[in-house]
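Overview (structure and organization)
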Amino acid sequence: MADLNTDVRYIKGIGEKKALALNKLGVFTLYDLLSYFPRKYEDRSRFRPIALAAEGETLCVCGLVADTPRLTRIRRGLDLVKFRAVDETGAMDVTFFNQPYVKDQIQRGESYIFFGKIEIKGTHRSMVNPVVEKEGTVNGVTGRIIPVYRLNAGVNQRSILQAVSQALSLCADQIPDILPEELRLRCALAPAPYAYQNIHFPADFGALEIARRRLIFEELFLLACALGRVRGERVREGGIRFERHDIEEFYSTLPFSPTGAQRRAVNEALNDLCSGGVMNRLVQGDVGSGKTLIAAALIWECWKNGRLSAFMAPTEILTEQHYETLSAFLKPFGIRIGKLTGSMTAKAKRDVKEALQSGELDLVIGTHALFSEGVEYPQLGLVVTDEQHRFGVAQRSALISKGEKPHVLVMSATPIPRTLALIIYGDLDVSILDEMPPGRQKVDTFAVTESYRERLNGFIRKLVGEGRQVFVVCPMVEENDELNMPLKSAQEHAEALAETFPELRVGCVHGKLKPKLKDEIMHSFVAREIDILVSTTVIEVGVDVPNAALMIVENAERFGLSQLHQLRGRVGRGKHKSYCILISDADGEEVKQRLQILCKTNDGFKVSEEDLRLRGPGDFFGSRQHGLPEMHVADLGADAQVLQRAQQEALALLQTDPMLDKPEHRALRERVDRLLTANEDSFN
Ligand code: ADP
Ligand code: MG
C-alpha cells in the first residue's frame, strides 16, 4: 500500500522521465507531491446554458455533439476541426485550430463539457480551442476550480494534476497534523487532510481560503519552531556569564537620559549577558535612534566584568566617528580604548596589537583589520558589529572566532518589520529601537521632476549661503547599463554642478576611488571644506555630518525605498531644519506612489513595511541573500499578522517542550528537523 514516503513513480502515468522531471522540482515522494502547491488557480466551475452565455464570458458549457467533427486543411500548417454542440437552449460552433486529433476524440451524439470563451456574432455563438472532456469524467479538468502548477520541461499541467489527484486519494488521510490539536482548534485552523485536499482542488473559493489559512500558518509556525529551537540551543550551550552591575551608574554620566526603547534594548541584552548563555542579539533602529549608546552600555558592562570588547565598523571614517563617540561615553570611567584600521602605520598597528596582548586595552575599535592575522584578543567578552548589512556572516564569525564564545551584538540601521527581522536574522534575538531621542526633527521630503531644477539650484544657493552643506547622491552607473535612461554618473554630475555653482566647493566620491582618497574627501566634507558632496551610495553608511541640511537624490526611481530612507537619514542630524529632495522623471504611477511614501512618513519601519508590500519579499531582500528558506504558500510581506501569531504560538510551545521531545509533537519535530537540515547553512 502506498504511503507518504512512497516514490512518485508509484503513481500511474508517472514513468521514469516524468519522475526525473518532478525530482528536479524537488518532488520525490507522495508527500512532496502533496506539498507541491499550485501557483494559482483557474476558475472552471461556472456553467451556463448556451443561450444564456454572454459575449466574452469564460465558462463551462455542457453540450451534446450534434454532427460529426470535420477536419479541414486551410493551408499548410493550418488545420481546423469544426462541429456543433447543442443543449436544450441553443447551439454553438466549436472550432479547434491545429489539433487534428480532436476529430477522433469527439463522438457525435455524446455529451461533453467545454470550457472556453464565448464569442457571439449576431445570434451565432461559438468557442475556439476550448478545454474539452466527456461529461461525467471523474477528477477531470472542467466543472471545478483547477490548480495551475509551476512546471518544467518534463511534465505538463495535466500530468501533475492527475498525479496529485491520485496521491490525494491514496494518502491524504495519512498526512500527519503537525499542529497540536489544541492549538489548531484554538486558532480555528482546518485539519491537515482538508487543507491539502482543498489547496489543490478547492471545493470553492471559500474552501481554498480556509485551506490556505491553515497552510500559511503551518509554514510560518514550522519556521518559527525551527528558528526558536536554534536560538534555544545556543542559549543552553553556555557562554561567559557576566555579573550584573547597575547600569544606572553608566546612565547617570550621560548628557541626556536614554529613551525607553534604549533602556529596553540594553536590558534585553544585559539579560543575555548574565544568563549563562551566549548573546547573539541584533539591535535594529532607524538612523539616529541612538544605537551607539546600546553598544556603549554593554561595553561598559563588559569592562565591569574585566573583559575586552571589540567594535567593528565597515569603514575607516566610521571607525573614526565611533572612536570619538565611544570615547566621550566611556573614557570618563577610565576605560582604555584603542583603534585598529588598515591605513595605520605598521608601527601603530603593532603597538595596538601589543597593547591588546598585554591586556592594556578594554575596547578596540576598528575595520576588518580587527580580524586580520596576528591580532589576538585575550579575555574577549563582547563583539559589536555596526551596520550589519555591510559584513558577511563569514566576516562576523572571523572576529568572533578570535575569542572563546564571546557575546555578539549586531547593530543594523535597516529597519525591517519586527516579525520579519526575527526570521531573516534567524539565529539572532532582536531588539528594536522604535523611539527617537526627543527633539529629533523630521526631514521634509519632496518628490520633484526635472522641471524643478532651477528652483532647486536657488534653494542650494540659499542653504549654502546660510552655512549649510549639501549631499547629492547619484545612482551607480553600471558599465553596461542596458536601460537607455539618461542617468547621471556622480562624476559628470559633479562637474556640471561645479559649473552651475562656480562660487561653491564641490567634491565627489564614488566607488572607483581608492578607499584612502574616499576617506580624505569625506573628511574634508566633515571639516566643512566642501559645500556640495556628490557621491554614489558609498555614503549610505552612517557618517555623521550634523551641518548637512539638504539631501538630493538624482534618479530617485533607481533606489529602493529603504535605501532612500537611509540616504535621507544622512541629514537632519544637527539642529538645522533639513530637507530631502527626490528627483525623478521616470513615468509610471508606481514610481510616484513609491516616492510619495517617503514624503508622507519619516518612520523607517513604516517605509520598510511599504517597501516590502510593494516589492514583495523576494525583491526586498534580494534573492535569498538573507538565507530565507523558500516559502511555499506564505507571503512574508502580506501575511505578517499570521506570522506574528505563528511566532507567538511557536515560542509558547517551545517553552513547554524546548526540544519537541513529547510524543504528541513527533510529527512537528520531524518536519522541523527536516527544515533545519535543508537550511543548515543559513541557520547557523
Ligand atoms: P544611530 O547609530 O542609531 O543612527 P547614534 O547612536 O549615532 O544613532 O545617535 C544619534 C545621535 O543621537 C547622537 O548624537 C547621540 O549622541 C544622540 N542620542 C542618542 N541617544 C539619545 C538620547 N536618549 N537623547 C538624546 N540624544 C541621544
Ligand atoms: Mg550609527
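In this text, all values refer to a predicted model and were calculated from it rather than measured experimentally.

The next point concerns the environment of Arg674. Tracing the chain through its elements places Arg674 in helix 22 (residues 666-678). Apart from the residues lying within four places of it in its own chain, the contact partners of Arg674 are Tyr31 and Asp32.

So, about the sheet that holds strand 10 (residues 280-285). Taken together, the 7 strands give an open sheet; going across it, the order is 12-13-11-14-15-10-16, and neighbouring strands pair in parallel fashion. Of all the strands in the sheet, the pair left with one neighbour each is strand 12 (337-340) and strand 16 (429-433). On average, adjacent strands in this sheet sit at an angle of 20° to one another, irrespective of strand direction. As judged from the 5 bridges shared by strand 11 (residues 308-312) and strand 14 (residues 380-386), these two strands associate in the parallel manner.

A few words on the site of ligand 1. Not every one of the 15 residues close to ligand 1 is listed here, only the nearest: Gln262, Gly288, Gly290, Lys291 and Thr292. Residue Gln262 places a side-chain N or O atom 2.9 Å away from a nitrogen atom belonging to ligand 1. Taken by itself ligand 1 offers 570 Å² of open surface, and the protein chains cover 78% of this. Its residues assigned to classes, the shell around ligand 1 comprises 4 nonpolar, 7 polar and 4 charged.

Turning to the packing of helix 10 (residues 291-304) against helix 11 (residues 316-330), a few remarks are in order. Close contact between helix 10 and helix 11 brings their axes to 10 Å; oriented N to C, the two are set at 55°. Looking at the two axes, helix 10 sits oblique to helix 11. Crossing angle aside, the handedness with which helix 10 passes helix 11 is right-handed. Between helix 10 and helix 11, the contacting residues are Thr292, Leu293, Ala296, Ile299 and Trp300 on the first element and His322, Thr325, Leu326, Phe329 and Leu330 on the second. When grouped by side-chain class, the residues that make up the contact of helix 10 with helix 11 number 7 nonpolar, 3 polar and no charged.

Overall, parallel pairing links the 6 strands, which are arranged 17-22-21-18-20-19 in an open sheet. Edge positions in the sheet fall to strand 17 (444-448) and strand 19 (506-509), since each of these pairs with one other strand and no more. With strand direction ignored, the average angle separating the axes of adjacent strands in the sheet is 15°. Sheet topology places strand 21 (residues 548-553) next to strand 22 (residues 579-583); 4 bridges connect them, and they run parallel. Considered in strand 22, the bridge of Leu550 is made with Tyr579. The sheet strands contacting helix 19 (residues 589-600) are strand 17 and strand 22, and the helix crosses strand 17 at an angle near 160°.

Scanning all chains against the criterion turns up 14 aromatic pairs. Both rings, one in Trp300 and one in Phe333, keep their centres 5.9 Å apart while their planes meet at 65°; by these two values the pair is edge-to-face. With a gap of 33 residues between them, Trp300 in helix 10 and Phe333 in the loop between helix 11 and strand 12 connect regions that are remote in the sequence. A single burial state applies to Trp300 and to Phe333, both of which are buried.

Among the nonpolar cores identified, the biggest contains 67 residues, and Tyr196, Phe221 and Leu668 are the most heavily contacted of them. Elements that contribute at least two residues to this core include exactly helix 1 (16-24), helix 2 (30-34), helix 4 (157-171), helix 6 (192-200), helix 7 (205-237), helix 21 (640-656) and helix 22. Take this core: its biggest share by element is 14 residues, from helix 7. Counting 39 residues, the second-largest nonpolar core is a separate cluster that includes Ala261, Ile299, Tyr323 and Ile365.

What follows covers the domain arrangement of the protein. According to the domain assignment, the protein contains domain 1 (1-44 + 156-168), domain 2 (46-143), domain 3 (248-275 + 290-412) and domain 4 (444-601). Each of domain 1 and domain 2 has a C-alpha centre, and these two points are 30 Å apart. Residue-level contacts link 6 residues of domain 1 with 9 residues of domain 2. Counting the surface lost from both domain 1 and domain 2, the interface buries some 690 Å², and carbon and sulfur atoms represent 49% of this. For the interface between domain 1 and domain 2, the tally reads 0 salt bridges.

So, on to the packing of helix 11 against helix 17 (residues 515-526). The N-to-C vectors of helix 11 and helix 17 enclose an angle of 40°; their axes lie 9 Å apart at closest approach. Taken as axis vectors, helix 11 and helix 17 run oblique relative to one another. Counting all contacts with helix 11, which are made through Glu316, Ile317 and Glu320, the residues of helix 17 involved are Asp519, Met522, His523 and Val526.

For the rest of this paragraph, the subject is the pattern of salt bridges. Tallied over the full model, the rule gives 37 salt bridges. Between Arg9 and Asp7 there is a salt bridge whose closest N-O contact spans 3.0 Å. Residue classification places Asp7 among the partly exposed positions, given a relative accessible area of 34%. Where Glu57 meets Arg46, a salt bridge forms, and the shortest distance between an N and an O atom there is 3.4 Å. With Glu57 in the loop between strand 1 (40-43) and strand 2 (58-65) and Arg46 in the loop between strand 1 and strand 2, the pair connects residues that are 11 residues apart, well separated along the chain.

Scoring rules and cut-offs
- Residues numbered from 1 in each chain as written.
- Chains lettered and ligands numbered in written order.
- Predicted model: local features only at pLDDT ≥ 70, side-chain atom pairs only at ≥ 80, totals over all residues.
- Heavy atoms only, no water.
- Helix = DSSP H or I, 4+ residues; strand = E, 2+ residues; numbered from the N terminus.
- Contact = heavy atoms within 4.5 Å.
- Pairing = 2+ DSSP bridges.
- Axes fitted to C-alpha atoms, helices over the stretch in contact; angles between N-to-C directions.
- Near = heavy atom within 4 Å.
- Polar contact = N/O pair within 3.5 Å; in protein donor to acceptor, adjacent residues only side chain to side chain.
- Areas by Shrake-Rupley, 256 points an atom, 1.4 Å probe, with all protein chains shown as cover.
- Nonpolar A, V, L, I, M, F, W, Y, C, P; charged D, E, K, R; others polar.
- Parallel < 35°, antiparallel > 145°, perpendicular 65-115°, else oblique.
- Left-handed = near helix turned anticlockwise from the far one by under 90°.
- Phe/Tyr/Trp six-rings, centres within 6.5 Å; stacked < 30°, edge-to-face > 60°.
- Buried < 20%, exposed > 50% of the residue type's maximum accessible area, 1.4 Å probe, protein only.
- Core = buried A, V, L, I, M, F, W, Y, C linked by side-chain atoms within 4.5 Å.
- Domains from an automatic or database assignment.
- Buried area = accessible area lost by both parts, 1.4 Å probe.
- Salt bridge = Lys/Arg side-chain N within 4 Å of Asp/Glu carboxyl O.

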